[in-house]
Amino acid sequence: MVWGSVLNYTWIYLFDFKISMMSERTWVSEPDDYICTLSKETQEIALNELREDASSRRQALEALREWIKQNPKIANCRLDSRFLLKFLRFKKYSVLQAQEALERYVLLRQTFGIAFNHFDISIPMMEELTDLGYLFACPKRDSKGRRVIIARPGVFDLFKFTNADMCRIHGIVYETLMEDEENQIRGYVHFADGQGVGFPYLTLFTIKEAVRIVKNGEKTLPMRHKEVHVINAHSSMKFALDFGISLVSEKIKKRLYFYTSKEDMLKANIIEKDVLPKEYGGEMPMAEMISLWKEEIKAKQPVLLSHDRMEVREELFSPQARVGAVSALKNKHAVNCGSEDDNIFGITGNFRKLEVD
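Residues numbered from 1 in each chain as written. Predicted model: local features only at pLDDT ≥ 70, side-chain atom pairs only at ≥ 80, totals over all residues. Heavy atoms only, no water.

A. Looking closely at the environment of Gly-324. Mapped onto the secondary structure, Gly-324 falls in the segment after helix H14 (319–322). On a C-alpha basis, the gap between Gly-324 and Leu-107 in space is 8.8 Å, while along the polypeptide they are 217 residues apart. (Helix = DSSP H or I, 4+ residues; strand = E, 2+ residues; numbered from the N terminus.)

B. Examining the packing of aromatic side chains more closely. Under the counting rule described, the total for this entry stands at eight aromatic pairs. Centre to centre, the rings of Phe-156 and Phe-161 are 5.4 Å apart; their planes meet at 45°, and the pair counts as tilted. As far as burial versus exposure is concerned, Phe-156 and Phe-161 are alike and both buried. An aromatic cluster is built from Phe-83, Phe-87 and Tyr-105, whose rings are joined through pairwise contacts. The ring of Phe-317 is capped by Lys-73, whose NZ or CZ atom sits 4.7 Å from the centre of that ring. (Phe/Tyr/Trp six-rings, centres within 6.5 Å; stacked < 30°, edge-to-face > 60°. Buried < 20%, exposed > 50% of the residue type's maximum accessible area, 1.4 Å probe, protein only. Lys NZ or Arg CZ within 6 Å of the ring centre and 35° of its normal.)

C. Summary view of the pattern of salt bridges. With the rule as written, the count across this model stands at 25 salt bridges. Between Asp-80 and Arg-78 there is a salt bridge; the shortest N-O distance is 2.8 Å. For the residue pair Asp-80 and Arg-78, the accessibility class agrees, reading buried in each case. (Salt bridge = Lys/Arg side-chain N within 4 Å of Asp/Glu carboxyl O.)

D. Summary view of unusual backbone geometry. Phi at Asn-232 takes a positive value of approximately 55°, unusual for a residue other than glycine. Structurally, Asn-232 is set in the loop between strand E5 (225–231) and helix H10 (238–247). Even without glycine at this site, Asn-269 takes up a positive phi of about 55°. Residue classification places Asn-269 among the exposed positions, given a relative accessible area of 60%.

E. Region of the structure containing the side chain of Glu-181. Tracing the sequence through the fold places Glu-181 in helix H8 (residues 181–186). Residue Glu-181 is classed as buried on the basis of its relative accessible area, which comes to 7%. Filtering out sequence-adjacent residues up to four positions away, Glu-181 remains in contact with Tyr-34, Thr-37, Leu-38, Arg-82, Leu-85 and Arg-89. (Contact = heavy atoms within 4.5 Å.)

F. Spotlight on the side chain of Glu-49. In this fold, Glu-49 is placed in helix H2 (residues 40–50). A polar contact of 3.2 Å, which involves the side chain of Glu-49, links it to the side chain of Arg-224. (Polar contact = N/O pair within 3.5 Å; in protein donor to acceptor, adjacent residues only side chain to side chain.)

As structure tokens, then:
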């Protein structure tokens, strides 16, 4: 009887201590009351493609926040709506899949170290790569409201920059864009110029690293890739491109477009040339676009740097998950998007399968 009383008292003490710690806990950003500022057109896209409306958004945000607070693996995270919504929209309001992506996203930021932290555009290497036009977003949206991301890997000097520099500048660009709700919903168009890229570029990453980057990029990075256009791909890189294509989903494969030259791309008239830099058939010179892009990055700088405070408890993850192994993506508990047994309002609920992406 005495031991029972002691155990009950201990349990109550630990429970009270946990509640006290939760109430005193400070997050990277605190929960907010979401105020929708999206245009009517964007709200309709969100509803038709993502099944997002005021009710599903509110309930999913509440579920995701509660899960983060109760998750022993997550030590610190952003709890504001803008951050959480990018995962919910990325996974089409499958709360369980959004949880998995968010947890893995924070884990890999932490375990991959310098390459995915300190997203500061004022770092000389980052500023130089931006000025060179290695990776930037065009200021004008296309007719579907999507931002176009320009990649020019040929200007990446292998003797000057490292693969960590490459990962970091991609992180700066993508994280800046993902802070915009319009982008979260409408998605992105990618345009890459392979001029100057040859066999030596394959030494930047091992095959295992390349596989993990591609797989995690598609399944964990909360971006909706709508189209990918590639020009001037050198013949020596064909086998590498074929290998890369084999790693992506069938959905992404159907969105890939390859052209032998700029003229071939313009003639195909698939990508809207007026949003491209003048050097690729558009109207605004690339240098002017880059200048505007740098201002856009600087405006988001405080938010991007705050991500360094996000933290998980690595010891609670498997060794495979900590290194971003592809096998760790195959979660046997993952929800099949569209299962009729899913609870639409549950903590790990799902908001029905959609044919539209």
